[in-house]
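Here is how the chains run, residue by residue.
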Amino acid sequence: MIHAGRLIEQILHEQGKTVTWFATQLCCTRTNVYKIFRKSNLDTDLLWRVSCILEQDLFQFYSSE
């Protein structure tokens, strides 16, 4: 099973981007970003927004599962 939050955190770090940068892109606080990292499931709207921000198709991980 894919843990969406850990996946996002991993991709963010691989890209060398900070939590502060990511929070700014999502228009939320760093605290909310850390809450996202702890979530195993995300709604599709948030997953789509994150995919666009990170320029990474996160849905591919689910379709290949």
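Overview of the structure. Since we're looking at a predicted model, the values are computed, not measured.

**Focus on helix α4 (residues 44–54)**
Next, step 1: Listing the buried residues of α4 in full gives L46, L47, V50, S51, I53 and L54. Down the axis of α4, the buried set is contained in an arc of 165°. They therefore lie on one face. Away from its buried face by more than 90 degrees, α4 exposes T44 and W48.
Next, step 2: In this structure, the buried side of α4 is in contact with α1 (4–14), α2 (19–26), α3 (30–38) and α5 (59–63).
Next, step 3: At the N-terminal end of α4, a side-chain oxygen is found 3.2 Å from the backbone nitrogen of D45, two or three residues along, and the residue is D43.
Next, step 4: Looking one or two residues beyond α4, the residue adopting positive phi is E55, at roughly 50°.

**Let's talk about the packing of α2 against α3**
Next, step 1: The geometry of α2 relative to α3 is characterised by a closest axis approach of 9 Å and an angle of 100° between their N-to-C directions. In terms of axis orientation, α2 runs roughly perpendicular to α3. The residues of α3 that touch α2, namely those facing V19, T20, F22, A23 and L26, are R30, V33, Y34, I36 and F37.
Next, step 2: Grouping the constituent residues of the contact of α2 with α3 by class yields eight nonpolar, one polar and one charged.

Parameters and conventions
Residues numbered from 1 in each chain as written. Predicted model: local features only at pLDDT ≥ 70, side-chain atom pairs only at ≥ 80, totals over all residues. Heavy atoms only, no water. Buried < 20%, exposed > 50% of the residue type's maximum accessible area, 1.4 Å probe, protein only. Helix = DSSP H or I, 4+ residues; strand = E, 2+ residues; numbered from the N terminus. Arc of directions from axis to C-beta. Contact = heavy atoms within 4.5 Å. Polar contact = N/O pair within 3.5 Å; in protein donor to acceptor, adjacent residues only side chain to side chain. Axes fitted to C-alpha atoms, helices over the stretch in contact; angles between N-to-C directions. Parallel < 35°, antiparallel > 145°, perpendicular 65-115°, else oblique. Nonpolar A, V, L, I, M, F, W, Y, C, P; charged D, E, K, R; others polar.

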